[in-house]
Amino acid sequence: MKSLRPYIARNLAFFAALMVALLAFNAAAFGIFFSGAVAHEAGDASPVAMLHAIEDTTSASEASPEAKSKLRENGLWALFIKPDGDCSWSVDAPEGVPLHYTLQDVARFSKGYISDYPVFTRVTDAGLLVLGYPKDSYMKITGNYIPMRAVQALPSFLVVMAFLDVGCLFLAYWLSKRRTLSGLEPIEDAIEALGTGKAAHSLPKGTLANLSESVTRASDLIAKQNEARANWIAGISHDIRTPLTLIMGNAERIASDPSAPSDASGRAALISAQSAKISNLINDLNLASQLEYDMQPLHKAKVMPSKIVRKAVADAINACPETRYSYEMEIEQEAEKAAVECDERLLGRAIGNILQNSVTHNPQGCRIRIGLNATDEHVLITIEDDGAGAAGEGLLALLKSQEHASSTDENLDLRHGLGLQIASRVIRAHQGNLSFAAPVEGGFKTVVQLSRC
């Protein structure tokens with residue numbers, strides 16, 4: 001998959017871990033903070049402790065000196081209400097706090113406030129002990145009931161809400177990731193195309209419009225450079241053909257002239273042969289340029305490879321009639337009638353280049369074997385010779401040119417076998433596969449794999 005997907009996946013995993021860590025941190029911080037706050041208020045001045053201390057040291061008629069001292073030390077106040085509603089005593093009761101209460105008054109403040117002062121009560125045998133705290137020191141919950149069913153359902157509710165919250169966050173992240181990928185993937189494809197020297201297609205706009213425009217500008221520049229280079233190669237090839245044709249024609253005329261001296265005829269024949277090689281190189285260079293920049297249209301048709309192979313072998317024999325090269329051809333019965341969809345001219349050129357490679361690299365002569373096999377899905381064309389083979393460095397160079405076939409500089413490096421690289425491009429343009437092998441004992445083997453119709 002695209003390289004962006006692992007990057008997004010890593011960020012998603014980091015996001016998930018961060019969410020879990022954040023939830024754990026929040027829970028821990030909540031527990032630490034509130035446990036500390038409650039512990040701070042649960043000392044000697046807490047309502048429970050103070051009510052217990054005052055009840056132990058006072059009576060219904062008066063407060064003891066110890067109780068008064070303790071109340072004043074903590075800035076608190078207290079009063080004692082008898083059953084008839086009158087206060088038998090009070091300690092530092094604020095102004096506005098009544099000293100007589102009805103049954104309704106007691107019902108109102110027993111779980112709340114007296115004149116906005118939070119109060120706490122303790123029932124004794126003689127009456128009601130009331131302990132008052134400064135305003136805003138405590139918040140009292142005045143509701144007198146909570147359904148038990150609601151209390152029991154609260155943990156489950158909190159868990160479900162937490163999962164829903166996390167799910168919403170993940171959904172938002174996923175939608176954001178999807179939107180980003182939909183904009184980035186075409187740009188990534190375009191950048192990969194630029195890396196191979198190809199022009200990029202139209203790119204999406206939207207939030208990544210600036211990046212798309214930058215890639216498009218780079219693509220347009222590469223397209224112009226590719227076109228200029230291809231036109232330059234085509235122009236040079238055309239300009240060389242005219243003088244080269246004259247050279248070859250005059251050389252052949254001298255070589256075939258019986259009145260010419262023997263050494264001049266030999267030199268003319270050599271010039272003619274080398275000129276033919278130059279002409280073939282120019283044709284290969286022009287074709288490589290056209291294939292490199294996708295300027296060579298494929299005219300595909302349903303063709304039998306057996307016909308193409310026979311013609312390529314016949315052309316190779318006619319081009320090099322020397323007896324030091326021998327050709328052996330074996331075509332299976334199933335392969336004889338097999339057909340592929342291809343450009344007959346280009347595929348014949350590719351096979352001819354492979355055959356010529358064996359001739360070029362074995363000037364001492366060799367035996368060339370051509371095999372044609374077929375499976376249910378593929379046609380296999382095998383061309384191998386028993387010549388000098390390829391050294392490890394040469395084979396690695398060929399394999400490297402296969403992997404980096406889009407690099408013009410490498411493709412046009414004649415030391416690495418331009419003919420084979422052109423063949424590789426032609427086969428790749430037909431969605432086929434070309435593989436090389438060079439046994440240690442010598443020889444060179446090339447296998448072409450094409451899909452059957």
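Structure's up top.
Residues numbered from 1 in each chain as written. Predicted model: local features only at pLDDT ≥ 70, side-chain atom pairs only at ≥ 80, totals over all residues. Heavy atoms only, no water.

Caption draft 1: The arrangement of the overall build of the protein in detail. On a plain count of helices and strands, the protein comes out with 13 helices and twelve strands. Expressed as a percentage of its 453 residues, the buried residues of the protein come to 34%. Looking at the protein alone, contacts between residues at least 24 apart form 62% of all its contacts between residues at least 6 apart. Roughly 27,300 Å² of accessible area belongs to the protein as shown, and the carbon and sulfur atoms make up 59% of that amount. (Helix = DSSP H or I, 4+ residues; strand = E, 2+ residues; numbered from the N terminus. Buried < 20%, exposed > 50% of the residue type's maximum accessible area, 1.4 Å probe, protein only. Contact = heavy atoms within 4.5 Å. Areas by Shrake-Rupley, 256 points an atom, 1.4 Å probe, with all protein chains shown as cover.)

Caption draft 2: Representation of the sheet that holds strand S11 (residues 433-437) within the structure. Pairing is mixed across the open sheet formed by five strands, whose spatial order is S7-S9-S10-S12-S11. The strands lining the two open edges of the sheet, one partner per strand, are strand S7 (325-331) and S11. Between one strand axis and the next, the sheet turns through 15 degrees on average, direction left out of account. Looking at chain direction, strand S10 (residues 378-385) and strand S12 (residues 444-451) are connected through eight bridges and run antiparallel. Across the sheet, leucine 380 pairs through a bridge with glutamine 449, a residue of S12. (Pairing = 2+ DSSP bridges. Axes fitted to C-alpha atoms, helices over the stretch in contact; angles between N-to-C directions.)

Caption draft 3: Up close: helix H10 (residues 344-360). Over its 17 residues, H10 runs 24 Å from end to end, which matches the ideal 24 Å to within 8%, given 1.5 Å per residue. Taken as a whole, H10 has its buried residues at Leu346, Leu347, Gly348, Ala350, Ile351, Asn353, Ile354, Leu355, Asn357, Ser358 and Val359. Its side-chain oxygen placed 3.2 Å from the backbone nitrogen of arginine 345, aspartate 343 serves as the N-cap of H10. (Expected span 1.5 Å × (residues − 1). Polar contact = N/O pair within 3.5 Å; in protein donor to acceptor, adjacent residues only side chain to side chain.)

Caption draft 4: Looking closely at the nonpolar core. Of all hydrophobic cores here, the largest spans 41 residues; its most connected members are Tyr327, Ile351, Leu355, Ile368, Ile370 and Ile383. With seven residues, H10 is the single largest residue contributor to this core. (Core = buried A, V, L, I, M, F, W, Y, C linked by side-chain atoms within 4.5 Å.)

Caption draft 5: The sheet that holds strand S2 (residues 87-91), seen in detail. Taken in spatial order, the five strands of this open sheet run S2-S1-S5-S4-S3, and their pairing is antiparallel. The sheet is open, and its two borders are formed by S2 and strand S3 (113-114), each paired with just one other strand. Seen against the sheet, helix H3 (residues 65-73) touches strand S1 (77-81), S2 and strand S5 (128-132) and runs at an angle of roughly 50 degrees to S2.

Caption draft 6: The side chain of lysine 140, seen in detail. Along the chain, the position of lysine 140 falls in the loop between S5 and helix H5 (148-195). For the buried lysine 140, no salt bridge is present, and the opposite-charge side chain at shortest range is aspartate 116, 13 Å distant. Not counting residues within four places of it along the chain, the set of residues in contact with lysine 140 comprises Ser110, Lys111, Gly112, Tyr113, Pro118, Val119 and Phe120. (Lys, Arg positive; Asp, Glu negative; His and termini not counted. Salt bridge = Lys/Arg side-chain N within 4 Å of Asp/Glu carboxyl O.)

Caption draft 7: The arrangement of the pairing of strand S9 (residues 366-374) in detail. Here seven bridges tie S7 to S9, and the two strands are oriented parallel to one another. By the bridge assignment, tyrosine 327 is partnered in S9 with isoleucine 368. In this sheet, S10 lies alongside S9 in antiparallel orientation, the contact comprising seven bridges. Along S10, the bridge assignment pairs isoleucine 368 with aspartate 385. Taken together, S9 and the strand that follows it, S10, pair antiparallel across an intervening segment of three residues.

Caption draft 8: Spatial organisation of unusual backbone geometry. One non-glycine residue with positive phi stands out, namely aspartate 92, at about 55 degrees. Here glutamine 431, not a glycine, exhibits a phi torsion of approximately 55 degrees, which is positive. The class for glutamine 431 is exposed, based on a relative accessible area of 57%.

Caption draft 9: Here's a closer look at the packing of helix H2 (residues 47-57) against H3. At their nearest, the axes of H2 and H3 sit 8 Å apart, and the two run at 155 degrees to each other. In terms of orientation, H2 lies roughly antiparallel with respect to H3. Considering how the two elements wind past one another, H2 and H3 form a crossing that is left-handed. Between H2, through Met50, Ala53, Ile54 and Thr57, and H3, the contact on the second element is made entirely by Ala67, Lys70 and Leu71. Of the residues contributing to the contact of H2 with H3, the split by class is five nonpolar, one polar and one charged. (Parallel < 35°, antiparallel > 145°, perpendicular 65-115°, else oblique. Left-handed = near helix turned anticlockwise from the far one by under 90°. Nonpolar A, V, L, I, M, F, W, Y, C, P; charged D, E, K, R; others polar.)

Caption draft 10: Spatial organisation of the environment of histidine 100. Within the secondary structure, histidine 100 is located in the loop between S2 and helix H4 (103-109). Residue class for histidine 100 comes out partly exposed when judged on its relative accessible area of 43%. Each C-alpha atom of the pair histidine 100 and aspartate 84 lies 8.8 Å from the other, and the pair is 16 residues apart in sequence. Residues within four places of histidine 100 in sequence aside, it is in contact with Asp84, Gly85, Asp86 and Asp105. A distance of 3.3 Å separates a polar side-chain atom of histidine 100 from the backbone oxygen of glycine 85. Polar side-chain contacts of histidine 100 include one of 2.4 Å to the side chain of aspartate 86.

Caption draft 11: Highlighting the packing of helix H8 (residues 305-319) against H10. Remark: H8 packs on H10, axes separated minimally by 9 Å, with the N-to-C direction vectors making an angle of 50 degrees. In terms of their interaxial angle, H8 and H10 are classed as oblique. Here H8 runs over H10; the crossing is right-handed. Contacts between H8 and H10 involve Lys307, Ile308, Val309, Ala312, Val313 and Ala316 from the former and Glu344, Leu347, Gly348, Ile351, Gly352 and Leu355 from the latter. The residue inventory of the contact of H8 with H10, partitioned by class, reads eight nonpolar, two polar and two charged.

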